[in-house]
Amino acid sequence: MSDPILDPTFDPAARDRGGPAQPLLSVTGLVKHFGGKRSWRGGEAKGAVRAVDGVDFAIAKGETLGVVGESGCGKSTTARLVMQIIKPDAGEIVFDGEAVGSRALDLEAYRREVQMVFQDSYASLNPRLTVEDTIAFGPRVHGVPRREATGRAHDLLAKVGLEPGRFAGRYPHELSGGQRQRINIARALALQPRLVILDEAVSALDKSVEAQVLNLLLDLKAELGLTYMFISHDLNVVRFMADRVMVMYLGKVAEVGPSDVILQQPSHPYTGALLASMPSTDPDNRTLEAPLFGDPPNPIDPPSGCRFHTRCRHTSAICANVPPPLAAVRPSHEVACLMAQPGSGHPLAAPLRENAA
Amino acid sequence: MSSPSSSPVPTGQPLVETKDLTVDFTGGARPVRAVAGVDLTLGAGELVALLGESGSGKSVTLRALMRLLPERRATTGGSIRVDGRDVAALGRKELARFRGGTVAMIFQEPGLAFDPVYRVGDQIAEAVMRHEGVSRRSGRARALELFERVRIPSAATRLDNYPHEMSGGMRQRAMIALALACRPKVLLADEPTTALDATVQIQILLLLRELQREFGLAVIFVTHDIGVATEVADRIAVMYAGRIVERGDCRDVIRAPAHPYTRGLLFSRADHAFTKGTRLRTIPGSPPDLTALPPGCAFAPRCAEAMPACSAGVPEEIAASETHVARCILLRPGVQSRTDATAAA
Ligand SMILES: Nc1ncnc2c1ncn2[C@@H]1O[C@H](COP(=O)(O)OP(=O)(O)OP(=O)(O)O)[C@@H](O)[C@H]1O
Ligand SMILES: Nc1ncnc2c1ncn2[C@@H]1O[C@H](COP(=O)(O)OP(=O)(O)OP(=O)(O)O)[C@@H](O)[C@H]1O
Ligand SMILES: [Mg+2]
Ligand SMILES: [Mg+2]
């Protein structure tokens, strides 16, 4: 059997196990609480930060899932859980039909399939490694001989638009932010992953370099058959990159659906507030009041019922009592809001029809 | 928060003024000219947005204003006056009071501001105690007030967090609180909202506008985001390769950018630029080598409108409108752009 890392013609599609209809990643009931005191009798920890509190989502093969949401809502934690950098308290992660950590897909094998690019391009590079050693490091750890690993690093450098002759021997401090981020991308690709998680991977770049990196990400995706989970605060960028968008609020999914629907006619009031908060492009028409009032609630003691009810313009008595389930409002668009659910009891919800035609 | 103590600067004089500021890094094989002659003025209560290419010297300029550059490896030229004082001449003790007390900085990398091993609230309280000689209790009280001011949820509990226990956005807000702790007159904000979601970002931008209005806080705000600059800036300055290539009234620069680099920058962010399935427009080429800056306009090698005269010398600042100047020879009377015909279309 040929080693995928040694074989330059290795085709990620050839590793496809479940076929096109099988999501590449599917996550159910993901939970991660930080800190807090657990009583000796077990059970729920008291005072814990409920960073990720029951999250379900799937990413189809070849798709880009954009992830947006309030600072602190659990996006990075979700990414780190998917990457298995931290252990979930509960939940299941299934990769191409195989449960992660099962006998069919142990952690080491899984870690080759999924890679991550972090926001901070500088902190995530070892200052004492040259660019080529940085990129070759992962494959070397996985047992690839030095020569091959270095050759592969040079190919990847060329692929991300950095001429190997000029850049291979440089150290991180000798690079600009945009160049460093391209090194991070090259490093993430060195193990030929199928899923790449990009956590604010372009937000530190200037707009011209950002545009280059985004174009590059689209090219690499097409060329290598990649699937992306793309976390960003920049809604313009998400609109450009994502096929579907997942909106998170306080450890839960608020809304998920096709990118053009979510970013143009959102159903969840939080998504609406998020879109309304985008900076103005007209100096004579500046934002005078923040569209979202109030403070983000405490993730240690989140509001009852709908977690957004304390800040929602349409809140009604029922919202404090009934946690809205994430339910489809139309095919492939799911919303966790009682207003969107016929017969929920919210005054603005449509009445329930007995025999919907 | 009370207003900063009265300024020794007579009204009408700028709070910050740099003249021909240069910074050379001499640590490497060849000296790097990171800042190549920057003139910047800032009045009380004024907010200037500093835009520009990655590596163009924005952060280094801010660091020079606070004298934070490594003195052995960086040579600073020209003059910097802040609040009526020559920054280069400040003694050790004065410098310590100056940093934080007169000028405070919000860093681009949140990691730089906080010590990972101490609680965030204690670090803010510590700064207040050191600067104002007050008790730990009043230091903590101020920290709490600041946390509430920058809208950190459950402020009282969050004071006890270690930096790693906060999300990126929350750490950024804590850093703003730290910068405001000693009631500075000038705030240097290096991309303070890039890590924040839109709802929090707009809150922070409105907060900065409020502090500016209420306390006359002067702000230099580095950002890559033209929308953000549009929301907060009175004036805009655009940097390229260590120089300010265009500066002026916010409206003028945004509506009628005069320098080809600024135009490229604004184009790449126009609303239609983000149509799915298209490619994003980029400025072709790469930024110049700062160890060997070209003799003339540093943008010329990437500029679609460049002509031989561009490399003759660094273009002077030429008026593009009443409140707005740019360093581009196309603004010289009688100089005709090659692409004028197509640009008009
Ligand atoms: N190691 C940790 N210990 C304790 N709390 C943590 C830890 N890591 C994250 N948290 C908390 O978990 C919550 C979610 O954090 P996370 O970093 O996932 O947010 P995020 O959505 O990525 O936010 P941002 O957009 O600001 O980066 C926050 O309240 C954060 O303070
Ligand atoms: N300590 C240093 N030694 C050598 N060169 C340096 C040093 N610090 C900065 N530089 C160089 O000075 C130039 C200006 O850097 P600066 O950090 O000011 O850029 P910037 O405009 O803030 O860019 P960005 O938008 O990416 O933050 C860069 O080319 C950088 O590589
Ligand atoms: Mg994050
Ligand atoms: Mg910078």
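All residue numbers refer to positions counted from 1 along the written sequence of the respective chain. Labels follow written order: the first chain is A, the first ligand is 1, and so on. Reporting of local features is limited, given that this is a predicted model, to residues whose pLDDT is at least 70; pairs of side-chain atoms are given and counted only at 80 or more, and all residues count toward the totals for whole chains, interfaces and linings. To get the side-chain values, all heavy atoms of the structure are used, and hydrogens and water are removed first.

Labelled according to an unreviewed UniProt entry, chain B appears under the name Dipeptide ABC transporter ATP-binding protein DppD, originating from Rhodoplanes roseus. The Sequence similarities (unreviewed entry) field of the UniProt record for chain B holds the comment "Belongs to the ABC transporter superfamily." Here chain B is described in UniProt, under the heading Subcellular location (unreviewed entry), as follows: "Cell inner membrane". UniProt positions are given in the numbering used here, feature names are shortened, and annotations may be inferred rather than shown by experiment.

A. Focus on the overall build of chain A. Runs of H or I in DSSP of at least four residues are treated as helices and runs of E of at least two as strands, each being numbered from the N terminus. Of the regular secondary structure elements, chain A holds ten helices and twelve strands. If one aligns the C-alpha atoms of chain A with their principal axes, the spans along those axes are about 65 × 60 × 50 Å. Counting only residues that meet the buried cut, chain A has 53% of its 357 residues in that class. Contacts were defined at the residue level, with two residues in contact if any of their heavy atoms lie within 4.5 Å. In chain A, the proportion of contacts linking residues at least 24 apart, taken out of those at least 6 apart, comes to 65%. Classification of residues uses two cut-offs on accessible area relative to the type maximum, computed with a 1.4 Å probe and protein chains only: under 20% is buried, over 50% is exposed, and between them is partly exposed.

B. Representation of helix α3 (residues 120-132) of chain B within the structure. Residue and element names in this part refer to chain B. The end-to-end C-alpha separation of α3 is 19 Å, in line with the 18 Å expected for 13 residues at 1.5 Å each. Among the residues of α3, V120, G121, Q123, I124, A125, A127, V128 and M129 are the ones counted as buried. A positive phi of about 60° marks G133, the residue just after α3. To estimate how far a helix should reach, multiply one less than its number of residues by 1.5 Å.

C. Structural context of the domain arrangement of chain B. Residues and elements named next belong to chain B. Throughout the structure description, domain borders are defined by an automatic or database domain assignment. Segmentation of chain B into domains returns domain 1 (1-102 + 208-274 + 289-345) and domain 2 (110-183). Centre-to-centre, using C-alpha coordinates, domain 1 lies 30 Å away from domain 2. Counting from both sides, the interface comprises 14 residues of domain 1 and, opposite them, eight residues of domain 2. Two parts lose some accessible area (1.4 Å probe) when they are put together, and adding that loss for both gives the buried area. Of the roughly 930 Å² buried between domain 1 and domain 2, counting both surfaces, carbon and sulfur atoms make up 54%. As a salt-bridge pair, E210 and R149 come within 2.3 Å of each other at their nearest N and O atoms. Every element with two or more residues in the side of domain 1 that touches domain 2 is listed here: α2 (92-101) and α7 (198-215). In what follows, salt bridge is the name for a side-chain nitrogen of Lys or Arg lying within 4 Å of a carboxyl oxygen of Asp or Glu.

D. Here's a closer look at the site of ligand 1. Proximity criterion: a residue is near a molecule or strand once any of its heavy atoms comes within 4 Å of it. Looking at ligand 1, there are 20 residues lining it, with A:G72, A:S76, A:T77, B:E165 and B:G169 nearest. Surrounding ligand 1 are residues belonging to chains A and B, so the site spans chains. N or O atoms within 3.5 Å of each other form a polar contact, as long as, within protein, one can give a hydrogen and the other can take it, and as long as residues adjacent in sequence are counted only when both atoms are side-chain atoms. The separation between an oxygen atom of ligand 1 and a polar side-chain atom of A:S76 is 2.8 Å. A:T77 has a polar side-chain atom sitting 2.5 Å from an oxygen atom of ligand 1. Broken down by secondary-structure element, the contributors of at least two residues to the shell around ligand 1 are β2 (49-59) and α1 (75-82) of chain A together with α6 (168-180) of chain B. No other element matches α1(A), which puts three residues into the shell around ligand 1. In this count, Pro and Cys sit with the nonpolar residues alongside Ala, Val, Leu, Ile, Met, Phe, Trp and Tyr, while Asp, Glu, Lys and Arg are called charged and the others, Gly among them, polar. In terms of residue class, the shell around ligand 1 is made up of six nonpolar, ten polar and four charged.

E. Broad picture of the nonpolar core. Residues grouped as a nonpolar core are buried Ala, Val, Leu, Ile, Met, Phe, Trp, Tyr and Cys residues, joined through side-chain atoms within 4.5 Å. Core analysis: the biggest nonpolar cluster contains 109 residues, and B:I124, B:F147, B:V186, B:L187, B:L188, B:F221 and B:I236 have the highest contact counts within it. Of all the elements, α7(B) adds the most residues to this core, at nine residues. When sequence neighbours within four positions are dropped, the list of residues in contact with B:F147 reads B:V120, B:I124, B:I152, B:A155, B:R158, B:L159, B:M166, B:A174 and B:A177. Residues A:F167, A:L235, B:F274 and B:L280 belong to the second largest nonpolar core, which totals 62 residues.

F. Molecular detail of the packing of aromatic side chains. Residue and element names in this part refer to chain A. The rule is short: rings of Phe, Tyr and Trp, with Trp giving its six-membered ring, pair when the centres are within 6.5 Å, and they are stacked under 30 degrees, edge-to-face over 60, tilted in between. Counted according to the given criterion, the structure contains seven aromatic pairs over all chains. For the pair F95 and Y110, a centre-to-centre distance of 5.6 Å together with 80° between the ring planes defines the contact as edge-to-face. Within this pair, whereas F95 is found in strand β4 (residues 90-95), its partner Y110 is found in helix α2 (residues 107-113), the two being separated by 15 residues in sequence. With a relative accessible area of 0%, F95 lands in the buried category. Taking 4.9 Å as the distance between ring centres and 50° as the angle between the ring planes, the aromatic pair formed by Y249 and Y270 counts as tilted. Placement of Y249 in strand β9 (residues 244-249) and of Y270 in helix α10 (residues 269-276) is noted, with a sequence separation of 21 residues between them. Neither residue differs from the other here; Y249 and Y270 are each classed as buried.

G. Quick look at the pattern of salt bridges. Counting across every chain of the model gives 33 salt bridges over all chains. Salt bridges sharing common partners tie together A:D16, A:K61, A:D96 and A:R194.

H. How the structure looks around unusual backbone geometry. One non-glycine residue, A:D96, adopts positive backbone phi at about 45°. Topologically, A:D96 is positioned in the loop between β4 and β5 (98-99).

I. Here's a closer look at the interface of chain B and chain A. Taken together, the contact pairs 48 residues of chain B with 53 residues of chain A. Across the chain B/chain A interface, buried area totals approximately 4100 Å², and carbon plus sulfur atoms make up 53% of it. When the buried area of chain B at its contact with chain A is split by residue, B:T199, B:F274 and B:K276 rank highest and sum to 14% of it. Taken together, the connections running from chain B to chain A amount to five salt bridges. Linking chain B with chain A are 17 residue pairs in polar contact (both at pLDDT 80 or more), by the criterion used here. Elements with a contribution of two residues or more to the side of chain B that touches chain A: α6, α7, α8 (226-232) and α9 (250-255) of chain B. In terms of residue count, the dominant contributor to the side of chain B that touches chain A is α7(B) (eight residues). Classifying every residue of the side of chain B that touches chain A gives 15 nonpolar, 17 polar and 16 charged.

J. Broad picture of the pairing of strand β4 (residues 74-82) of chain B. Residue and element names in this part refer to chain B. We treat two strands as partners when DSSP finds at least two bridges between them. With eight bridges connecting them, strand β1 (residues 16-25) and β4 associate as antiparallel partners. Bridge pairing in β4 links F25 to A74. Bridge count between β4 and strand β5 (residues 85-86): two bridges; the pairing is antiparallel. By the bridge assignment for β5, R81 is matched with D86. Counting the residues between successive antiparallel strands, the hairpin from β4 to β5 contains two residues, one of them, D83, with a positive phi of roughly 55°.

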